[in-house]
Amino acid sequence: MHKKYYLFSFLVLIVLISIGCREVTAEMSEPIVFEPTPATSEKLSEGARPVIEVKIVGNSSAGEEWFTSQGCNACHSTGNDKLVGPGQLGIYERAATRSEYSSPEDYIESSIRYPAEYIVEGYTNLMPTTWEDAEKQEIADIIEYLKTLK
Ligand code: HEC
């Protein structure tokens with residue numbers, strides 16, 4: 001009886017000590033590692049190009065101003081009259097018939113930037129190459145204006 005009691009208290013002691021000595025470790029959350037998806041890493045290696053595309057919208061009154069400020073009107077009437085160059089009346093519809101070009105816009109832009117590329121029948125290559133580097137916005141505006149001449 002006596003022996004059993006000692007043995008029992010000894011066991012209780014061991015249990016208490018082992019509970020007391022148990023190391024309590026705080027749960028650590030996993031570190032967050034950024035792993036780019038295959039698509040992202042492909043884009044990054046290509047040299048991250050902008051995703052937003054800017055759509056240029058032409059403004060016809062800005063185009064009308066450009067037409068006079070640039071002196072287009074010195075050679076082009078806005079009607080049917082021939083000056084140095086053809087009158088611009090109906091130019092947008094006419095541009096659509098230039099089948100070498102993908103669109104009327106493409107023809108008008110090329111006519112302004114590279115006038116020598118397509119010489120209108122009955123005219124000579126007298127249009128200057130002043131506007132080869134015209135702004136995209138200026139081209140969009142003049143196209144919008146020329147569309148109104150019908
Ligand atoms: C010095 C005179 C001159 C000036 C200035 C001039 N052009 Fe012309 N342009 C011409 C001549 C000549 C042609 C016809 C020959 C050719 O196709 O290049 C022509 C052709 C064009 C055509 C094609 C017309 C068609 O019926 O297919 C367009 C469009 C045009 N010009 C726009 C412009 C605009 C816009 C400006 C001003 C930014 C301008 N031009 C300034 C002389 C001029």
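Engineer: Pulling in residues and values, what's your account of the overall build of the protein chain?
Structural biologist: If you tally the helices and strands in the protein chain, you get seven helices and zero strands. The helix and strand sequence of the protein chain, counted from the amino end, reads α-α-α-α-α-α-α. For the protein chain, the proportion of its 150 residues judged to be buried stands at 15%. Put simply, of all contacts in the protein chain between residues at least 6 apart along the chain, 52% involve residues at least 24 apart.

Engineer: Could you give an account of the packing of helix α3 (residues 60-69) against helix α7 (residues 136-147), with specific residues and numbers?
Structural biologist: The geometry of α3 relative to α7 is characterised by a closest axis approach of 7 Å and an angle of 95 degrees between their N-to-C directions. As the angle between them shows, α3 and α7 are arranged roughly perpendicular. From α3, Ser-60, Ala-62, Gly-63, Glu-64, Trp-66 and Phe-67 reach across to α7, where they touch Glu-138, Asp-141, Ile-142, Glu-144 and Tyr-145. Partitioned by chemical class, the residues of the contact of α3 with α7 number five nonpolar, two polar and four charged.

Engineer: Quick rundown of helix α6 (residues 104-113)? Include the residues and the values.
Structural biologist: Helical periodicity: at 3.6 residues per turn, an α-helix aligns residues three or four positions apart in one direction. The complete set of buried residues in α6 reads Tyr-107, Ile-108, Glu-109, Ser-111 and Ile-112. The inward-facing, buried residues of α6 contact α5 (91-95) and α7.

Engineer: How would you summarise the site of the ligand if you had to cite specific residues and measurements?
Structural biologist: Taken together, 25 residues are adjacent to the ligand, and Cys-72, Cys-75, Gly-85, Tyr-123 and Met-127 come closest. Secondary-structure elements contributing two or more residues to the shell around the ligand are α4 (72-75), α5 and α6. Broken down by class, the residue content of the shell around the ligand amounts to 18 nonpolar, six polar and one charged.

Engineer: Mind laying out the environment of Arg-113, listing which residues take part and the relevant values?
Structural biologist: Within the secondary structure layout, Arg-113 lies in helix α6. Among the residues examined, Arg-113 registers 15 C-beta atoms within 10 Å and is labelled partly exposed. In the structure, Arg-113 is positioned 15 residues away from Pro-128 in sequence and 9.2 Å away in space, judged by C-alpha atoms. Beyond its immediate stretch of four places on either side in the chain, Arg-113 contacts Trp-131, Glu-132 and Ala-134.

Engineer: Give a detailed account of α7, specifying residues and quantitative values.
Structural biologist: Helix length check: α7, at 12 residues, gives a terminal C-alpha distance of 17 Å against a target of 16 Å (1.5 Å per residue), a fit within 8%. Those residues of α7 that are buried lie in contact with α3, α5 and α6.

Engineer: Got a sec to walk through the nonpolar core? Specific residues and values, please.
Structural biologist: Ranked by size, the top nonpolar core spans 14 residues in total, and within it Ala-95, Ile-108, Ile-112, Ile-139, Ile-142, Ile-143 and Leu-146 carry the most contacts. Broken down by element, the residue count for this core peaks at six residues, all from α7. Discounting residues that sit within four places of it in the chain, Ala-95 has contacts with Pro-104, Tyr-107 and Ile-108.

Engineer: Provide a residue-level description of the packing of α6 against α7, including the pertinent values.
Structural biologist: α7 packs onto α6 with a crossing angle of 115 degrees between their chain directions and a minimal axis gap of 10 Å. Every pair of crossing elements has a handedness; the one defined by α6 and α7 is right-handed. Contact residues: α6 offers Glu-105, Ile-108, Glu-109 and Ile-112, while α7 offers Ile-139, Ile-142, Ile-143 and Leu-146. For the contact of α6 with α7, a count of residues per class yields six nonpolar, no polar and two charged.

Engineer: Please give an account of the environment of Thr-78 that cites residues and values.
Structural biologist: As for its position among the elements, Thr-78 is in the loop between α4 and α5. What makes Thr-78 partly exposed here is the crowd of 17 C-beta atoms within 10 Å. As a C-alpha pair, Thr-78 and Lys-150 span 72 residues in sequence and 9.3 Å in three-dimensional space. Residues contacting Thr-78, with those up to four places away along its chain left out, are Gln-88, Leu-89 and Leu-149.

Conventions we followed
Residues numbered from 1 in each chain as written. Predicted model: local features only at pLDDT ≥ 70, side-chain atom pairs only at ≥ 80, totals over all residues. Helix = DSSP H or I, 4+ residues; strand = E, 2+ residues; numbered from the N terminus. Buried ≥ 20, exposed ≤ 12 C-beta atoms within 10 Å, placed from the backbone. Contact = placed C-beta atoms within 7 Å. Axes fitted to C-alpha atoms, helices over the stretch in contact; angles between N-to-C directions. Parallel < 35°, antiparallel > 145°, perpendicular 65-115°, else oblique. Nonpolar A, V, L, I, M, F, W, Y, C, P; charged D, E, K, R; others polar. Near = placed C-beta within 6 Å. Expected span 1.5 Å × (residues − 1). Core = buried A, V, L, I, M, F, W, Y, C linked by C-beta atoms within 7 Å. Left-handed = near helix turned anticlockwise from the far one by under 90°.

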